[in-house]
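These are the residues of each chain, in order.
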Amino acid sequence: MTRFDFHARVQHGLLAVSLAVLILTGFPVKFAAQPWARAVVRLFGSFEGLLAVHLAAAAVLAFTALYYLSAVSLALARRRLDFSIVPRLRDFGDFGRHLGYLIGLRPDAPRFGKFTWWEKFEFWAVVWGTAVMGASGLVLVFPELAGRFVPRWAVGALRVAHSNEAVLAFLAVVFGHTFAVHFSPHVFPGSTVWLNGRATLSQLHEDHAMMYEVLVSRNAAPPRPMKESRWVRSRPLIVTELAAYGLLIAAVYVAVVPHLLGA
Ligand code: HEM
């Protein structure tokens, strides 16, 4: 079943590449005193080279945002815009019910529609994250000009926002998105939606049961329970992932938290 059309796949690819480059070229500025930061700067020849690549990736991100907005405007004009990504009250209930299921308080997971609560959360985090990084990035590029329109403290605040929102974006991608689309036992070793745009019927049955039922009612899918992925009950996978994520959390705590607290 198609979940990402061609344009969505291109937009996703551009977003992934630009975000990776922005993080790679932004973090050496934030953590300038670290030996690894100097090594990354050397990769780009000089600090100016690093910054030029950061700004080129920022231009790709801006292009991606415009590409997405044009596609949305076109769909709106053709009355084909699907509003299913907009959060509803039910998503908050789904979140609570899902947590209850994950900690064993409920026997069944909630049934989701086209987008789960975490997919909506991730989507809107990218929307506001891009707006914050874009606006604060422009203030960093044109500080004098920005100073004419906003007070000095606001310029300083936007600089801090740019720096810290970058860490939030990094953590959201490493812990949230990567888990949801690669390491979750439901999709392990990885969803291929970003490559071929298609979700398997069993993935649909697992995470988007309400959509699956619509397909069954239209006779477009087999009306029998799907076999769950063999990774869902794989103890070695679950133990390895818990250990790997535990180590990552410890590494982030040691590397980032003292820095954020200014220690
Ligand atoms: C998700 C997107 C982005 C990420 C993850 C990111 C990341 C970063 C980070 C970590 C820093 C270092 C901040 C510090 O001094 O502590 C930085 C600096 C900077 N960023 Fe970004 N950035 C992003 C988008 C942008 C955009 C869209 C622009 C331009 C419109 C931009 C322009 C700059 C500039 C000019 C600097 C200052 C470098 C300096 O201090 O000389 N960034 N970025």
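Conventions we followed
- Just so you know, the residues in each chain are numbered from 1, in the order the chain's sequence is written.
- Per-residue local features of the predicted model are confined to residues with pLDDT of at least 70, and side-chain atom pairs are confined, for both listing and counting, to 80 or more; whole-chain, interface and lining totals are unaffected and use all residues.
- A run of H or I in DSSP counts as a helix once it spans at least four residues, and a run of E counts as a strand once it spans at least two, with each numbered from the N terminus.
- Exposure classification rests on a simple neighbour count of other C-beta atoms within 10 Å of a residue's own: a residue reaching 20 or more is buried, one at 12 or fewer is exposed, and one in between is partly exposed. C-beta atoms are placed from the backbone.
- Contacts are defined on C-beta atoms placed from the backbone: any two residues whose C-beta positions lie within 7 Å are in contact.
- Expected helix span is computed as 1.5 Å times (number of residues minus one).
- Helix axes are fitted to C-alpha atoms over the stretch in contact, other axes to C-alpha atoms as well, and angles between N-to-C directions run from 0 to 180 degrees.
- In what follows, roughly perpendicular refers to angles from 65 to 115 degrees, roughly parallel to angles under 35, roughly antiparallel to angles over 145, and oblique to any angle outside these ranges.
- A clockwise turn of the near helix away from the far one marks a right-handed crossing, whereas an anticlockwise turn of less than a right angle marks a left-handed crossing.
- Residue type decides the class: Asp, Glu, Lys and Arg count as charged, Ala, Val, Leu, Ile, Met, Phe, Trp, Tyr, Cys and Pro as nonpolar, and the leftover types, Gly among them, as polar.
- As used in this record, a residue near a molecule or strand is one whose C-beta atom, placed from the backbone, is within 6 Å of it.
- Each nonpolar core consists of buried Ala, Val, Leu, Ile, Met, Phe, Trp, Tyr and Cys residues. Their C-beta atoms, within 7 Å, join them into a set.

Summing up its helical and strand segments, the protein has 11 helices and zero strands in all. What you see in the protein, going N to C, is helices and strands ordered as α-α-α-α-α-α-α-α-α-α-α. Across the 263 residues in the protein, those meeting the buried criterion constitute 14%. A separation of at least 24 residues holds for 66% of the contacts in the protein among residues at least 6 apart in sequence.

Its 14 residues place the ends of helix 4 (residues 89-102) 20 Å apart at the C-alpha level, agreeing with the 20 Å of an ideal helix rising 1.5 Å per residue. Immediately beyond the C-terminal end of helix 4, within one or two residues, lies Gly 104, with a positive phi of roughly 85°.

With 31 residues, helix 3 (residues 47-77) extends 45 Å from end C-alpha to end C-alpha; this agrees with the ideal 45 Å at 1.5 Å per step. Burial in helix 3 covers these residues: Leu 50, His 54, Ala 57, Ala 58, Leu 61 and Thr 64. Immediately downstream of helix 3, the backbone of Arg 79 shows phi near 55°, a positive value.

Moving on, we get to the packing of helix 5 (residues 117-141) against helix 7 (residues 152-183). Any two packed helices are characterised by the angle at which their axes cross and by the distance between the axes. Put simply, helix 5 and helix 7 touch, their axes get as near as 9 Å, and they point 150° apart. Considering their axes alone, helix 5 and helix 7 lie roughly antiparallel with respect to each other. Regarding helix 5 and helix 7, the two cross each other, and that crossing is left-handed. Residues Trp 118, Glu 122, Ala 125, Gly 129, Val 132, Met 133, Ser 136, Gly 137, Val 139 and Leu 140 of helix 5 form the contact with helix 7, whose own contacting residues are Val 155, Leu 158, Arg 159, Ala 161, His 162, Glu 165, Ala 169, Ala 172, Gly 176, His 177 and Ala 180. When the residues that make up the contact of helix 5 with helix 7 are grouped by side-chain class, the tally is 12 nonpolar, six polar and three charged.

This brings us to the site of the ligand. What surrounds the ligand is a group of 22 residues, the closest being Gly 26, Lys 30, Ala 58, Gly 137 and Ser 163. When residues in the shell around the ligand are grouped by element, the largest group, seven residues, is from helix 1 (residues 6-30).

With that out of the way, let us pick up the packing of helix 1 against helix 7. Helix 7 packs onto helix 1 with a crossing angle of 130° between their chain directions and a minimal axis gap of 10 Å. Considered as vectors, helix 1 and helix 7 are oriented oblique to each other. Here the hand of the crossing between helix 1 and helix 7 comes out left-handed. Touching Leu 19, Ile 23, Gly 26 and Lys 30 of helix 1 are Ser 163, Ala 166, Ala 169, Phe 170 and Val 173, all from helix 7. Partitioned by chemical class, the residues of the contact of helix 1 with helix 7 number six nonpolar, two polar and one charged.

On to the environment of Trp 124, then. With respect to the helices and strands, Trp 124 occurs in helix 5. A sequence separation of 37 residues divides Trp 124 from Pro 87, and the C-alpha atoms of the two residues are 9.1 Å apart.

The next point concerns the nonpolar core. Judged by nonpolar contacts, Leu 19, Leu 22, Ala 57, Ala 58, Leu 61, Ala 166 and Ala 169 together constitute the single largest core of seven residues. Elements supplying a minimum of two residues to this core: helix 1, helix 3 and helix 7. At three residues, the largest contribution of residues to this core is made by helix 3. With residues near it in sequence (within four places) discarded, Ala 58 still touches Leu 22 and Gly 137. Ranked by size, the runner-up nonpolar core spans five residues in total, among them Val 193, Ala 199, Met 211 and Tyr 212.

Quick look at unusual backbone geometry now. Across the junction of Phe 188 and Pro 189, the peptide omega takes the value 5°, indicating a cis bond. Positionally, Pro 189 belongs in the loop between helix 7 and helix 8 (193-196). Positive phi values are uncommon outside glycine, yet Arg 79 reaches one of about 55°. Relative to the elements of secondary structure, Arg 79 occurs in the loop between helix 3 and helix 4.

Take the environment of Leu 195 next. Topologically, Leu 195 is positioned in helix 8. Counting along the chain gives 182 residues from Leu 195 to Gly 13, while the straight-line C-alpha distance between them is 9.0 Å.

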